[in-house]
Amino acid sequence: MEAMKEAAAVRSGTAVKTRHATPLKKMRKVWRLYVLIALPVLYIIIFKYVPMYGAQIAFKNFVVTKGIMGSEWVGFKHFDRFFHSYDFWRIMSNTIILSAYNLIAGFPFPIILALALNYVKNRLFKKSVQMITYAPHFISVVVMVGIILEMLDPRIGIVNSILKALGMEPVNFMGKPEYFKSIYVWSGIWQSVGFSCIIYLAALSGIDPALHEAAVVDGASKLRRMWHIDLPGIMPIAIIMLIMNTGHMLDVGFEKVLLMQNPLNVRTSEVIDTYVYKVGLASQAMNYSYSSAIGLFKSVINLILLVAVNKIAQKTKQASLW
Amino acid sequence: MEHSAIRESRGDRLFTVFNYVLLSLFLVTILYPLIYVASASISNSEAVVSGKVWLWPVDPTLEGYTTVFRHKLIGSGFMNSIYYTAAGTAINVVMTILAAYPLSRKDFYGKNAFMFLFVFTMMFSGGLIPTYLLVKDLGLLNTTWSMLLPGALGVWNMIITRTYFQTTIPDELLEASQLDGCTDFQFVWRIVIPLSGPIIAVITLFYAVGHWNSFFNALIYLKDQKLYPLQLVLRDILVQNDVDMNMLADVQEVAKREGLRELLKYSLIVVATVPLLVVYPFVQKYFVKGIMIGSLKG
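Residues numbered from 1 in each chain as written. Chains lettered and ligands numbered in written order. Predicted model: local features only at pLDDT ≥ 70, side-chain atom pairs only at ≥ 80, totals over all residues. Heavy atoms only, no water.

Visitor: A description of the pattern of salt bridges should follow, citing residues and the corresponding values.
Guide: Residue and element names in this part refer to chain A. Inspection of every chain in the model, using the stated rule, returns eight salt bridges over all chains. Note that Glu-270 is salt-bridged to Lys-278, the shortest N-O span being 3.2 Å. The exposure class of Glu-270 is buried, given its relative accessible area of 6%. (Salt bridge = Lys/Arg side-chain N within 4 Å of Asp/Glu carboxyl O. Buried < 20%, exposed > 50% of the residue type's maximum accessible area, 1.4 Å probe, protein only.)

Visitor: Please give an account of the interface of chain B and chain A that cites residues and values.
Guide: Opposite the 97 residues of chain B that make contact, chain A presents 95 residues. Summed over both partners, the interface of chain B with chain A buries about 9000 Å², with 79% contributed by carbon and sulfur atoms. Across the contact surface, chain B and chain A share one salt bridge. Between chain B and chain A we count 13 residue pairs in polar contact (both at pLDDT 80 or more) in total. With 18 residues, the top contributor of residues to the side of chain B that touches chain A is helix H1 (residues 10-41) of chain B. (Contact = heavy atoms within 4.5 Å. Buried area = accessible area lost by both parts, 1.4 Å probe. Polar contact = N/O pair within 3.5 Å; in protein donor to acceptor, adjacent residues only side chain to side chain. Helix = DSSP H or I, 4+ residues; strand = E, 2+ residues; numbered from the N terminus.)

Visitor: I'd love a proper account of the side chain of Ser291(A), names of residues and values included.
Guide: Tracing the backbone shows Ser291(A) in helix H17 (residues 288-321). Residue classification places Ser291(A) among the buried positions, given a relative accessible area of 0%. Those residues within four positions of Ser291(A) in sequence are excluded, and the remaining contacts are Val276(A), Val279(A), Gly280(A) and Ile129(B).

Visitor: Describe in detail the side chain of Lys256(A), supporting the description with residues and values.
Guide: Residues and elements named next belong to chain A. Mapped onto the fold, Lys-256 is located in helix H14 (residues 254-260). Buried charged residue Lys-256 carries no salt bridge. Nearest counter-charge: Glu-255, at 11 Å. Among the polar contacts listed, one links the side chain of Lys-256 to the backbone oxygen of Tyr-184, at a separation of 3.0 Å. Side chain to side chain, Lys-256 and Ser-187 meet in a polar contact 2.9 Å long. Those residues in contact with Lys-256, other than ones at most four positions away along the chain, are Val-141, Val-145, Ile-148, Tyr-184, Ser-187 and Gly-188. (Lys, Arg positive; Asp, Glu negative; His and termini not counted.)

Laid out in structure tokens, this is it:
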């Protein structure tokens, strides 16, 4: 009770001088909370911050026997090597194009689905559509890629069966570098459209029904109501979602890309994350330092992007929500 | 003819029709691949290979499924996945509550510093190789712990849980219990946890789905096939196309093997997904709730 009063007093800036608690006192009062949080903090320090410390090997020639501390410093050598490597522009452009494509193509569909669902009166139909469109979200990446490979198989896949039935030549989709990005993006939309629309449905349910009633009285059609009430209502969320996703620009679905990759399409499918994995862990010569340098480069760009778009998001939020 | 349409104008009726058509289109697009896979998995292997299966099963057989269950690695992978999912989720949920409760308290001195410590890891990470080296140095490589410990806490889930505690557990309750001499430990155990059923259900499900579906940790940390989770076995069969037919005795002819190989893949896809699809209808509303709580405070 006293703690609460004190906290309230501190917050309102009317703390009584004589009762002003020192940090130590405040900490002692809630010491049990520190005991509770100790384990999670220990976890986060060991498994998240120690690797951050270990990232210094990007600036060293890491030798396993010498360890992280013992290996010698080489400055920006590994970064330099990556920037000047033959692969650099190909990997960067693949990464950026793939994520931009994914971001832009994936953006409208959940919104359309949510708007459409919002005007369904039949509850059974609405529930079934929701249930079925959410379901693919729970399919694992491995299974998802398995389905893609089976359906696009050049000899026995259903897609090529259809092409053959229409008198067309079968296509080896996974072997054509030019198809990789589209297959990646559209299968992703198939998998996530339902689940992503939940947030827009939530936003739609938050729109004041009085607006709709007033519009109906004024004789507005459903299309007009959708355009003038619903769409502006979910715009703030939509913009925030778009901006937030931009913050993870360089994090394309690493696992899915890795699984969909094969020697034939690698020209357009190699992204930073898969490259880091290949150079560092999957190759015979373990290039730990070089690989870490590339990974660190990505993390830093991501962090900059995130901080930047967070700023923009805060501004937009203020401008559009309040 | 328009006089009965007090509410629905002609344009609105057109809109409704268009709306239902659009949604049906969405529905068919999502549903077709799912039905196709399920049908192919119980069709005759020749029909699958020759492209005779379009929508419904042709010449139904359970051959694919019996093949799946005769495969040695799939059985052990299934059991391993159940273990990793159960143990991993238990660790996750405990850790999440331990972190979320103190952070939800207004009088927790140093709250913002701790919060920053957690949130910063969402924005920046040491990267793949340093994390791998850490796991290696801790001696976790090729042990079941490498599947459980590196992802013991999800910061996003922790934030959702904290927000839930903040908004649903009234301060008065804490004050009253403190007056009665209840310590923070007792408060968490006797009051917070019993009152937080919905959020605990949500994060349990989020974590469990994550564990069941994950394969990358296993790929880099595990060498021993006996420890492989189902998803990694699936990857070898579905993606690498590495079906060791010697794992299945008594299949001789090449054509039969080829057909069975395809059938096995479709059956596998179904087998790997069924555990989630079985619980899915029951948990769907919790997931939706989780997204909503998460979106309260972006």
